[in-house]
Structures are given as C-alpha cells and as structure tokens.
Amino acid sequence: MGNMWLVRAGEKAYLIDEFKEKQAIAIGWAQLGNVSTVKTLAEVKRLLKLAYPEYKEGKINITAGQIFRFVSDFKIDDLVITYHPEERLYYIGRVVSNYEYKPDYITDKPQIRRVNWEGTVSRDVLSASARNTLGSIMTIIAIPNEVQKELLKQMAAGQSVINSSDQIKEPVKAETEEEAEELEIIKDDVIEKSNEFIKDKIAKLDWEQMQELVAGVLRGMGYKTRISPKGPDRGRDIFASPDGLGLEEPRIIVEVKHRSGSMGSSHIRSFTGGLRIGDRGIYVSTGGFTKEAKYEAERSNIPLSLIDLDLLAELVTQYYDQFDSETRTLIPLRKIYWPL
C-alpha cells in the first residue's frame, strides 16, 4: 500500500475546522520560516537549535523528524487523516500539493500542504488495536498497512449509505470479548513500556541520588531513615527503623550498589557479616545478583532482601503516592488512568 499519515490539528484539535474548511493540513514551528530548501534531517536539527535554543536534544530529534517527514516524505497522492474529537470522526483525505510556507493561511501553523478530504470514519467502529495506533500524541505518525486497510474499508462502507435520507446512526456496539482481550494486551504493553522507562530513569541517577531514592522508598513504606555520611560505612549506606533511632524493631541496614555487573556471593557474605541479631538487611544492586548471591541470601541467618533494578522500579510505582517531594523530584512520574 501507499503512504498514509496522521496529522493532528493542533492541541485538542483546535484547528480541525480550519483543516476542513481550507482543505489543508498544517504544522507549526513558525520561527523556522520557509524550509522548502532543506534537504537533510541534520539541517532541520541545526535550524531548530538556532530557532528554539530552549529545546533539549531529545525534543530536537523528535521535532526534526516530524518536520522533515512533512516537508520531504509526504508526497502528492499520499493519504492523510486527522481527528475530530467532538465528532469522534477521522477525516481521510489525499495530499494534492507540495510543501508550502503560508504564514496567514492556517492559524499558528505556517507549514502547510493542501488536501482533498474524501470521507470520514467513526472511531467507534475501529478495532482496539487501530484505536491504539491512532491514539499517539505525536503531531505526525505513519499509519501501518493493517490500520490503513481497516480505515479505508470502514470509509467505503460508510460512503455506501452516506446519501440515504432515512439513514439512522447505529448505536455503538458493545465491546466484544475479542476487543476486551485486545485492550488487555495493549494495557499490558503500555505498563511494560512504562516500567522500562522508569527503570531507564532510575539507571541514570548517580550513586548519591540512588541512596536518596532507596531511602525515599523506605520512608514511603512508613520508616524513618538516616543516610550514612560519605566515607567508610562498613556496609551501612542507609539505616531505617520505625522511630529512626533503632530503639524500635525492625532495624533495617541497607547497602546500595549502583553500577553495572552482578553482585556475587562474597558481597552478600561481607554484608551479612556486619549485621547483628535483630537487624534486617536490604542489599540493593542495580546490576543484579548472581545465582550464588541469591543462594547466599536465602541461607543467611539474618533476614535479608535482595533488590535489583526490576524490583526497585516496582517499589517506586507501588509507593509513589506516599513519597515526599524530595523523592518525587528524583523520579518524576505522572499517573495514567485506564478504563476497566
């Protein structure tokens, strides 16, 4: 199949009426001016850095890719879609012009291409996987072939009755078991991706920040904590207890290792050797643990928990609502709600 692109009509689709009435799609970044002569992605990045010095490298890369697609990858006769959230309709059209720079044509969006709108598809008739693909927040995305086929099939079906004077809008069908299963798979995928991004954030902390994070997790669990000052700590990076003084049990001794490479059994033996009766041990290693280390922890006479990067990320999400502001600053997260 040919190319199909989703182009959003601005935040919350505030330009959707202009897109429809003026038969065009458009993107912003007005300070770039006319970019019709730009031939490479690297050149777009260079221009963005000059025009938007506040942009960080990641935003430069993402933005440049979208602009370059719009200017260079879009072709005449490509299909495009845009979404009207109030009508819950995707408008499908065909590109009929090369890139143009017209500052006064579409509000706030001077980079345009002209389009002939050919039909619409209700979001409610699409499969869960198609809705997931089209739910991207990016300004521009390329539409996979299977979603293209579904959109065009639904558009054709809708056009066959579009002129019927007695047409009645059918009620939205109840969610089928198959759709529910698709949504569950999509949810699991979103959760997995979120977990990986959280682990990426944790992995980028320096050693002192990692200590602060682990201490913050313990405070979120209801303990009071003390972090050892820099220098030889004899395996005691963090001390935690209900009262913060160790007069109430449990007394928790924490060792934090933030580096690549698994911790071995000798590290565990060295740590447990410094614990006393009544202590509880936590050994944190973002590089994980060898099988021998896990076995050593299991046979320890002192209760000992091993926390790797996966478990640390799980604890962060589990207790995030109880974190103090200092801990949240280390790993800023946003809650996402998902329909039941």
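Note that the coordinates shown come from a computational prediction; the quantities given were computed from them, not determined experimentally.

Participant: Would you take a moment to explain the packing of helix α2 (residues 41–51) against helix α3 (residues 57–73) for this structure?
Facilitator: When two helices pack together, their arrangement is given by the angle between the helix axes and by the axis-to-axis distance. Contact geometry of α2 with α3 gives a least axis separation of 9 Å together with a crossing angle of 125°. By the angle between their directions, the pair α2 and α3 is classed as oblique. Along this stretch, α2 crosses α3, giving a crossing that reads as right-handed. For the pair formed by α2 and α3, the contact residues are L41, V44, K45, L48 and K49 on the first element and E57, I60, N61, T63, A64, G65, I67 and F68 on the second. Each residue belonging to the contact of α2 with α3 can be placed in one class, and the counts come to seven nonpolar, three polar and three charged.

Participant: What am I meant to see in empty space enclosed by the protein here?
Facilitator: Applying the stated criterion across every chain yields a total of one cavity of 30 Å³ or more. Lining the largest cavity are V35, V38, V44, I67, F68, V71 and S72. Counting residues per element, the lining of the largest cavity draws most heavily on α3, which supplies four residues. Considering only residue class, the lining of the largest cavity consists of six nonpolar, one polar and no charged.

Participant: How should unusual backbone geometry be read in this particular structure?
Facilitator: Excluding glycine, a negative phi dihedral is what most residues carry, and trans is how most peptide bonds are arranged. Backbone torsion omega between E249 and P250 reads 5°, so that peptide bond is classified as cis. As for its position among the elements, P250 is in the loop between β9 (238–241) and β10 (251–257). Despite not being glycine, Q23 has its phi angle at roughly 50°, a positive value. Its place among the elements puts Q23 in the loop between α1 (16–21) and β2 (24–27). Of note, the phi angle at D77 is positive, near 85°, even though the residue is not glycine. Within the element layout of this structure, D77 appears in the loop between α3 and β3 (79–84). Overall, the relative accessible area of 48% leaves D77 in the partly exposed class.

Participant: Please clarify how the packing of aromatic side chains should be interpreted in this entry.
Facilitator: Where two aromatic rings form a pair, the distance of their centres and the angle of their planes describe that pair. On inspection of all chains with the given rule, the structure shows eight aromatic pairs. Aromatic pair F70 and F74: ring centres 5.2 Å apart, planes at 50°, arrangement tilted. Look at Y320 and F323: their rings are 5.4 Å apart centre to centre, the planes differ by 55°, and that puts the pair in the tilted class. Given a relative accessible area of 10%, Y320 falls into the buried group. The buried category is assigned to F323, whose relative accessible area is 6%. An aromatic cluster is present here, built from W5, F70 and F74 joined pairwise through their rings. Lying across the ring of Y105, K22 places its NZ or CZ 5.4 Å from the centre. Over the face of the ring belonging to F70 we find R113, whose NZ or CZ atom lies 6.0 Å from the ring centre.

Participant: Help me out: how do you make sense of the environment of F68 in this one?
Facilitator: With respect to the secondary-structure elements, F68 resides in helix α3. A sequence separation of 33 residues divides F68 from V35, and the C-alpha atoms of the two residues are 9.2 Å apart. Apart from residues lying up to four places away in sequence, F68 is in contact with K39, T40, L41, V44 and D73.

Participant: Looking at this structure, how should I read the side chain of R251?
Facilitator: Mapped onto the elements, R251 comes out in strand β10. Residue contacts for R251: discarding those within four places in its chain leaves F239, A240, S241, G246, R276, I277, G278, D279 and R280.

Participant: Just checking my understanding: could you explain the pattern of salt bridges for this structure?
Facilitator: Side chains that carry opposite charge are capable of pairing whenever their charged atoms lie near each other. Per the stated rule, a full pass over the model turns up 17 salt bridges. Measuring nitrogen to oxygen at the nearest pair gives 2.8 Å for the salt bridge that ties R46 to E43. Taken together, the positions of R46 and E43, both in helix α2 and three residues apart, correspond to about one turn of that helix. According to the relative accessible area criterion, R46 is partly exposed, its value standing at 43%. Here R219 ties to D324 by a salt bridge, and the two come within 2.8 Å at their closest N and O atoms. Residue R219 is found in helix α7 (residues 207–220), and its partner D324 is found in the loop between α10 (309–319) and α11 (325–330); the two are separated by 105 residues along the sequence. Judged by its relative accessible area of 28%, R219 is partly exposed.

Participant: Can you help me understand the sheet that holds strand β12 (residues 304–307) in this one?
Facilitator: Hydrogen bonds between backbone groups are what pair the strands of a sheet, and the pairing can be parallel or antiparallel. As summarised here, the arrangement of the five strands in space is β8-β9-β10-β11-β12, forming an open sheet in which the pairing is mixed. Of all the strands in the sheet, the pair left with one neighbour each is β8 (224–227) and β12. Taken over all neighbouring pairs, the strand axes of this sheet differ in orientation by 20° on average, direction set aside. Pairing of β10 with strand β11 (residues 279–285) involves seven bridges; the strand directions are parallel. Directly across from E255, in β11, lies its bridge partner Y283.

Analysis parameters
- Residues numbered from 1 in each chain as written.
- Predicted model: local features only at pLDDT ≥ 70, side-chain atom pairs only at ≥ 80, totals over all residues.
- Heavy atoms only, no water.
- Axes fitted to C-alpha atoms, helices over the stretch in contact; angles between N-to-C directions.
- Helix = DSSP H or I, 4+ residues; strand = E, 2+ residues; numbered from the N terminus.
- Parallel < 35°, antiparallel > 145°, perpendicular 65-115°, else oblique.
- Left-handed = near helix turned anticlockwise from the far one by under 90°.
- Contact = heavy atoms within 4.5 Å.
- Nonpolar A, V, L, I, M, F, W, Y, C, P; charged D, E, K, R; others polar.
- 1 Å grid on protein atoms, 1.4 Å probe; cavity = no way out; pocket = protein on both sides within 12 Å on 5 of 7 lines; lining within 4 Å.
- Points joined across faces, edges and corners; volume = space filled by probe spheres on them.
- Buried < 20%, exposed > 50% of the residue type's maximum accessible area, 1.4 Å probe, protein only.
- Phe/Tyr/Trp six-rings, centres within 6.5 Å; stacked < 30°, edge-to-face > 60°.
- Lys NZ or Arg CZ within 6 Å of the ring centre and 35° of its normal.
- Salt bridge = Lys/Arg side-chain N within 4 Å of Asp/Glu carboxyl O.
- Pairing = 2+ DSSP bridges.

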